[in-house]
Amino acid sequence: MKITDIQVKRLRIPLKKPFKTALRTVEAVEDILITIHTDTGDIGYGEAPPTAVITGDTREGIEGAILGHIKPRLLGLPVVELETIMERLHTALVGNTSAKAAVDMALYDLFARYHQAPLFRLLGGARQTLATDLTISVNDSAEMAEDARQAVLLGYSTLKIKVGKDPQQDLKRIKALRQTLGDGVTLRLDANQGWTPREAVKLIRQMEEADLGIELVEQPVKAGDLEGLKYVTQQVETLILADESVFSPLDALRIMQERAADLINIKLMKTGGIHQALKICALAEIYGMECMMGCMLESRLSVAAAAHVAAGRNIITRCDLDGPGLCADDPWQGGPVFDHAAITMSKEAGLGIVPGPTFDQYISQPFSSFSATPQKKM
Ligand SMILES: C[C@H](N)C(=O)N[C@@H](CCC(=O)O)C(=O)O
Ligand SMILES: [Mg+2]
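Here is what the cut-offs are and how they apply
Residues numbered from 1 in each chain as written. Chains lettered and ligands numbered in written order. Predicted model: local features only at pLDDT ≥ 70, side-chain atom pairs only at ≥ 80, totals over all residues. Heavy atoms only, no water. Helix = DSSP H or I, 4+ residues; strand = E, 2+ residues; numbered from the N terminus. Rg over C-alpha atoms; globule rule 2.2 N^0.38 Å. Buried < 20%, exposed > 50% of the residue type's maximum accessible area, 1.4 Å probe, protein only. Contact = heavy atoms within 4.5 Å. Areas by Shrake-Rupley, 256 points an atom, 1.4 Å probe, with all protein chains shown as cover. Donors = N, O, S within 2.8 Å, 3.2 Å for Na, K, Ca; no water. UniProt positions renumbered as here; feature names shortened; annotations may be inferred. Polar contact = N/O pair within 3.5 Å; in protein donor to acceptor, adjacent residues only side chain to side chain.

**Focus: the overall build of the chain**
- For the chain, the count of helices and strands is 14 helices and 17 strands.
- Against the 2.2 N^0.38 benchmark of 21 Å for 378 residues, the chain shows a C-alpha radius of gyration of 20 Å, consistent with a compact globule.
- Oriented by its inertia axes, the alpha-carbon framework of the chain measures out at about 60 × 45 × 40 Å.
- Within the chain, the proportion of its 378 residues that are buried is 57%.
- Put simply, 74% of the contacts in the chain that link residues at least 6 apart link residues at least 24 apart.
- Just so you have it, the chain exposes about 15,100 Å², and 49% of that area is on carbon and sulfur atoms.

**Structural notes on the coordination of the magnesium ion (ligand 2)**
- Here the magnesium ion (ligand 2) is held by the protein donor atoms D190 (OD), E218 (OE) and D243 (OD), which lie 2.1 to 2.3 Å from it.
- Site description for the magnesium ion (ligand 2): donor spacing in sequence, D-x27-E-x24-D. Taken together, the residues E218 in strand β8 (residues 214-218) and D243 in the loop between β9 (239-242) and α10 (249-258) connect sequence positions 25 residues apart. Here E218 and D243 have matching classes, each one buried.

**Quick look at the UniProt feature "active site" (unreviewed entry) in the chain**
- The positions that UniProt labels "active site" (unreviewed entry) are, in the present scheme, K162 and K267.
- Along the chain, the position of K162 falls in strand β6 (residues 158-162).
- Topologically, K267 is positioned in the loop between β10 (263-266) and α11 (268-271).
- Using a relative accessible area of 5% as the deciding quantity, one classes K267 as buried.
- Once residues within four sequence positions are removed from consideration, K267 is found in contact with D243, G294, C295 and M296.
- Only 2.7 Å separates the side chain of K267 from the side chain of D243, close enough to count as a polar contact.

Encoded structure:
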């Protein structure tokens, strides 16, 4: 099974309602979709969201990285030589983790199809079912409480509440939410870097004193402020989860060695795909640090790739894989079943996912084209 072509398209799926965080407001998933074609006729699928405010990746950047830099290095290579291919992928250019993630997951898709096994089985096969939270966007208290109430009615027992947009309002909003929901719902908060270390400590302590039962707080401070993150982690009882502070295995190692956070949120779009995500899992096992598997605004294709990793490895104890639950439609068929909070892995080989009946209405071609001329090593 040799790689004969890599093609890029654009995928646009409206969200059920605007997604609002301390960093941005978005109304649709607008991702890059790739297909890797082979001489056996097998096709591998991959997806990457242009989350510029977190990864620095834009749609044009992802397309350019894949077509201009990655594709020429992979054409002609046999998919079974995964280790060699991964080395070529990750040395094609620095950064560009979302582009690498899309290609990486399409390669793992093909690799597992070649071995006729669902990917999660090849990654360790830790479990067949997962539970995800649902994200509640930051809005006024009444709207957040209503969104949370609706989510609970749909069966979500864990909600990830976006905070950090106006720190003065955060305590009030969380108190109102807890009052509406009662004690039976697990609440995790994601500040998306919106607090200063002092603000974070003050707010989290106030939440602890008010007995609001917060399971964890994700990325309270700026991504690059590891000292601030460590300060918060040391000053509060509540678990602190590093998200934007951890892209690579090296970032994760630093956090673990410093104990700058209690938990790590692994996202394929930050690591550059499954190959690097597995290295974070291995480090986390060594350090005994549990991980969350997270996602950006992604359709069920790339979230399925993340679910395969989470179902493969025991060290991933929490999931924030709500991309499909936020989308107004699912253009895919097959693969892991997302039934609100419950994710059930399926038996098909690879990621298990292929385009479904509504696929074409969400697809367009990129505006620009790039040459795929192989680059010479200087
Ligand atoms: C969608 C997921 N629940 C989530 O919140 N992901 C990111 C933000 C993604 C984005 O802005 O596109 C996170 O910060 O955890
Ligand atoms: Mg986050």
